[in-house]
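Descriptive analysis of the structure
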Amino acid sequence: DGMSQQEARKAALRKFGLVESIKDECRDSWGMRMVQDFMQDLKYALFQIFKHRGFSSLIIVTFAICLGLNTAMFNVYHSVVLNPGKFPNEKRVVSIWDEFDSLWGSEITFSTSAFYFKERREQSQLLEAVALAGAEWQNVSRAGSDHRTDFIGVATVSPSIFQILGTPPFRGRVFQEEEEIRGNDKVVILTFEYWESRLGGVDDVIGQSIYVGNTLRKIIGIMPPGFKWKHKRGSSLPTQIIVPRSLQESFFRPERRTQPFTACFGLLKPGVSVAQLEKELNHLNQINGLQYPEQFKIEQEQNHRTRVCDLGDYFIRYDKTQLTLLQIALGAILIIGCVNIMSLLLSHNHKYSREISVRIALGATRSRITRQLLTESTLLSVLGGMVGLVLSVLILHGLSRVGLFESMVHSPRLSLDSETLTYTLWLALFVGGVTGLVALSPLIKTKTSENLAETLREDQRTASTSRRFKAFQGSLICVQLCLATTLLIGSGLLLQSFRSIVHIDPGFQPENCFTAGFRPSGYNAEQRRQIMAQFEKTAKDIPGVENVALSNWPPLKLGGLYRRSIIIEGENVTDDALCYNDTVSASYFSTLGIPFIQGRTFNYSEVENQLPVVVIDKKLADTFFPGVNPIGKRLSIPRGGGAFSVEEIDSERNWLTVIGIVETIRNKDLVEPPAFGTVFTNIQRQLPYWCGVMVRTQSNLNTINQQIEEVLVGLAPGVGLAMPEMMKDIVKRHQSSHKALLIFCVIITSVSLLISSIGIFGNVAYTVSTQTKEIGIRMTLGANRSRILLVSMRYWLAIALAGTMGGLIGSVAFAPFMNTYLYEIPSRDQLTYGLAIIFLMFVTLLASYFPAKRATQIDPMQALRCE
């Protein structure tokens, strides 16, 4: 067009448009603007964090405590419930058991019979393999050596258990199916721990032999480190060696079909669910039961059903409820912490409300400002999560050191795995984003012009906080107090419950009482009687020993007694007449300090001649002899009920005469009172399967254990002593699970109260500080300081009352769930509820008093000049 080059360039640029704007559009389409904005927001967030170091530190510490506790709990739950990592195939391993309404009672659970096992192994289309597994206690010693005999746990398993678990041996091989069928292959597999501790970890152990009971077995393999088959909660005797289970022909008699006796495990085929397998097995029960009419009738009457659950649920069936309660409590503390941080961020962001309104009025988008402030809150949360990871490791190690994980079947991992780290990262990002978004919601309004005008008008008023802001902040504090009240009431109930548990009278005196056990296998009945009688006499001569007694098993040890049927002479025989049966020596009651209510113990003639006399406890006397003197009455204990020896001959009934009544003791469980009364029979008449030893002594555990072992070896070579421990330690172990739950809840409640108190104090102090100009004007106009103080506190006390009432309602609704964990304390205890509310009201009173008092002490003229 005849233009110069410079003029032409200017014309072309005018026609082309704004170059920088087009660049921005290109960057937006490529996503570069998002990265650029994020980096800018990150720099701004870091600047704000360093600028307000005190405030930021408080937020980070709060996040760290909440995330640290939740990370520790997730690690426990993940390593115990979700992914124990004990066996390679555990995702497909299931436990299979049979239930009846009342055929065997509560003593036989999670068990099945060999009859059902055989049918499922041969007919199930959804199982790759199925195996039986149990445990017994045997004397174990090395062949051809002078090493002492150990009385230890021996796992008896089907060879297919190794296929099911998927665990290869560390050395050697595992059992073969033929070794179960033949039943005469004398082989054994050692655990890694037994190989190291008892055999010194020697390399040439494969092919050597050890005695298991009276059977010489050849060592064919060693399991890898960490392989444990601890299938019983609270067991202090985990299995240390493994032998193949041989199924005898007598197990498959039709009358044994409905007699569950051992645990059963199966391996699901890929893609098969637990529900599908359970449906198939119950269908097989119906089809196969028709072949055995008498047993099928019992199955129908007893509502027989087969249950299936995955391996993780089977192992943690006793711990899952407590872990669930702790998860709920930690979820509550996370909410409290987040609400507290929301309140703090709300107060912090409110200082910049005028700046935010001006920026919006000048064209800044609400989304841009929101992203900027959300980046700050999320960064604070991530930093808190990083500190929380360190805190969670310290928490796990600390709880492990004080023994809070001992009551669990599987101890949780103390190190954090990748799943736990991922969980913490996502949780930190989530709570950081949510808390920041909620804290911003009152500040980012819809109408920008009105927002700016409202903010500028607020700056001209005497109070810089709007009613909307104050109401929103009060609602957050109300939520905090509501959750804190619920946690405080729950912890108070657990504390009172544990105090009751500590003061439970077990019915005997556990102090200075040594307990152990042995099994005189390989000896006939008369030799066993002589060993037991001589053992009592010899052990009583040990210096420092006050008394010695024998029984079927010491109280509270390894599950206590078995349930038996009982018949009272002259009474109608009923199926629900039940009792516990223990076989004891004459000195049993004096050794344990069990007081007699009436009558006496066995005398020398009754022991020597094995006369049919018994001692009963008060519960049995009250149950079967109400209002009648039981002394001289006769009863009988029929065959069955899982007993190892019986008091009834097939052709005639043996009547046992009652000669004494003793106080009821807690034999099976410390917390739960016994369901039935107990019959104590003479140990020389009713020989036990194994013998429990009780020694009243002033000696320490190591000394008396060595002395008792020497006595036992001298009387019965080849017999070992098992589980030496003091009775007071057994009692503490029964208290440990309740103690662990209490300590967890006390920690959680203490942290929640601390966080709530800090949040309440900080927010009340900020709100009162924004009212400094208003307070100055009122004081200038002659208002009384005490009146202003009361007005400032009254609003927050109303908030506290609303929050505690909400927590009270929540606690009342939560009460039925709490009944599971409480002992001799009602879940709606009025005293606990009242003290919790008074305490939290007092905390709120203090939190509102000091900031208000400080504001009233400012000179009115200085208050009027305050910005």
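Use the structure listed above.
Residues numbered from 1 in each chain as written. Predicted model: local features only at pLDDT ≥ 70, side-chain atom pairs only at ≥ 80, totals over all residues. Heavy atoms only, no water.

Moving on, we get to the overall build of the protein chain. Along its length, the protein chain carries 27 helices and 22 strands. Relative to its full complement of 867 residues, the protein chain shows a buried share of 50%. Summarising the internal contacts of the protein chain: among those between residues at least 6 apart in sequence, 83% fall at separations of at least 24. In the structure as shown, the protein chain presents an accessible area of about 40100 Å², 56% of it carried by carbon and sulfur atoms. (Helix = DSSP H or I, 4+ residues; strand = E, 2+ residues; numbered from the N terminus. Buried < 20%, exposed > 50% of the residue type's maximum accessible area, 1.4 Å probe, protein only. Contact = heavy atoms within 4.5 Å. Areas by Shrake-Rupley, 256 points an atom, 1.4 Å probe, with all protein chains shown as cover.)

Together, F761, F842, L846 and F850 give the surface a local cluster of nonpolar side chains, amounting to about 370 Å² of exposed area. With 3 residues, the top contributor of residues to the nonpolar patch is helix 26 (residues 830–856). Looking at where F850 falls in the secondary structure, it is placed in helix 26. (Patch = residues over 30% accessible without salt bridge, like charges linked within 9 Å, V, L, I, M, F, W, Y side chains within 5 Å. Salt bridge = Lys/Arg side-chain N within 4 Å of Asp/Glu carboxyl O.)

Once that is clear, we can look at the environment of I333. Its location among the elements puts I333 in helix 12 (residues 320–350). When the C-alpha positions of I333 and I755 are compared, they lie 8.8 Å apart, and in sequence the two are 422 residues distant. Setting aside anything within four residues of it in sequence, one finds I333 in contact with C66, L69, N70, L487, I748, V751 and S752.

It is worth spelling out the pattern of salt bridges at this point. The full count for this structure, using the stated rule, is 14 salt bridges. Its salt-bridge partner being E119, residue R257 comes within 2.5 Å of it at the nearest N-O pair. Highlighted residues: R257 in the loop between strand 8 (239–244) and strand 9 (263–268) and E119 in helix 5 (residues 114–123), separated in sequence by 138 residues. Comparing R257 with E119 shows no difference in burial state: the two are buried. Linking D150 and R198 is a salt bridge whose minimum nitrogen-to-oxygen distance equals 2.8 Å.

A separate point is the environment of A847. Turning to its location among the elements, A847 is positioned in helix 26. Note on A847: relative accessible area 4%, which makes it buried. Residues A847 and F761, spaced 86 residues apart in sequence, show a C-alpha to C-alpha distance of 4.4 Å.

Those residues of helix 10 (residues 293–301) not exposed but buried are Q295, F296 and E299. For helix 10, the arc enclosing every buried residue in end-on projection is 100°, short of the 170-degree limit, so these residues lie on one face. Exposed and oriented more than 90 degrees from the buried face of helix 10 are P293, E294, K297 and E301. Buried positions along helix 10 lie against helix 5 and helix 9 (274–289). Once helix 10 ends, the next one or two residues include N303, with phi positive near 55°. (Arc of directions from axis to C-beta.)

Turning to the packing of helix 9 against helix 10, a few remarks are in order. Running from N to C, helix 9 and helix 10 point in directions that differ by 140°, and their axes come no closer than 9 Å. Compared by their axis directions, helix 9 and helix 10 come out oblique. Residue-level contacts link N285, Q286 and G289 of helix 9 to P293, F296, E299 and Q300 of helix 10. In terms of residue class, the contact of helix 9 with helix 10 is built from 2 nonpolar, 4 polar and 1 charged. (Axes fitted to C-alpha atoms, helices over the stretch in contact; angles between N-to-C directions. Parallel < 35°, antiparallel > 145°, perpendicular 65-115°, else oblique. Nonpolar A, V, L, I, M, F, W, Y, C, P; charged D, E, K, R; others polar.)

This part takes up the nonpolar core. Where a protein is soluble and globular, its nonpolar side chains tend to be buried together. Of all hydrophobic cores here, the largest spans 62 residues; its most connected members are I59, F63, L67, L334, V431, L494 and I748. Considering every element that reaches this core, the biggest residue donor is helix 12, with 16 residues. In this view, L334 contacts C66, L67, N70, L427 and V431; residues no more than four positions away in its chain are not counted. Judged by nonpolar contacts, the second largest core, of 25 residues, contains I501, V613, V671 and Y823. (Core = buried A, V, L, I, M, F, W, Y, C linked by side-chain atoms within 4.5 Å.)

This next bit is on the pairing of strand 22 (residues 722–726). Counted residue by residue, strand 22 has 4 buried out of 5 residues, so it is predominantly covered. Pairing between strand 11 (residues 513–518) and strand 22: 3 bridges, direction antiparallel. Across the sheet, residue F514 finds its bridge partner in strand 22, namely M726. (Pairing = 2+ DSSP bridges.)

Remark: helix 13 (residues 353–361) packs on helix 14 (residues 366–401), axes separated minimally by 10 Å, with the N-to-C direction vectors making an angle of 145°. The segment helix 13 lies against helix 14, with I356, R359 and I360 engaging R366, I369, Q372 and L373. Residues of the contact of helix 13 with helix 14, tallied by class, amount to 4 nonpolar, 1 polar and 2 charged.

On to helix 9, then. Between its terminal C-alpha atoms helix 9 stretches 22 Å, which fits the 22 Å expected from 16 residues at 1.5 Å a residue. Within the span of helix 9, buried status applies to L277, E280, L281, L284, N285, N288 and G289. The buried residues of helix 9 occupy an angular sector of 155° when projected down its axis, which confines them to one face. Turned more than 90 degrees away from the buried face of helix 9 sit A275 and K279, all of them exposed. At its buried positions, helix 9 is contacted by strand 1 (93–99), helix 5, strand 2 (127–142), strand 9, helix 10 and strand 10 (305–310). (Expected span 1.5 Å × (residues − 1).)

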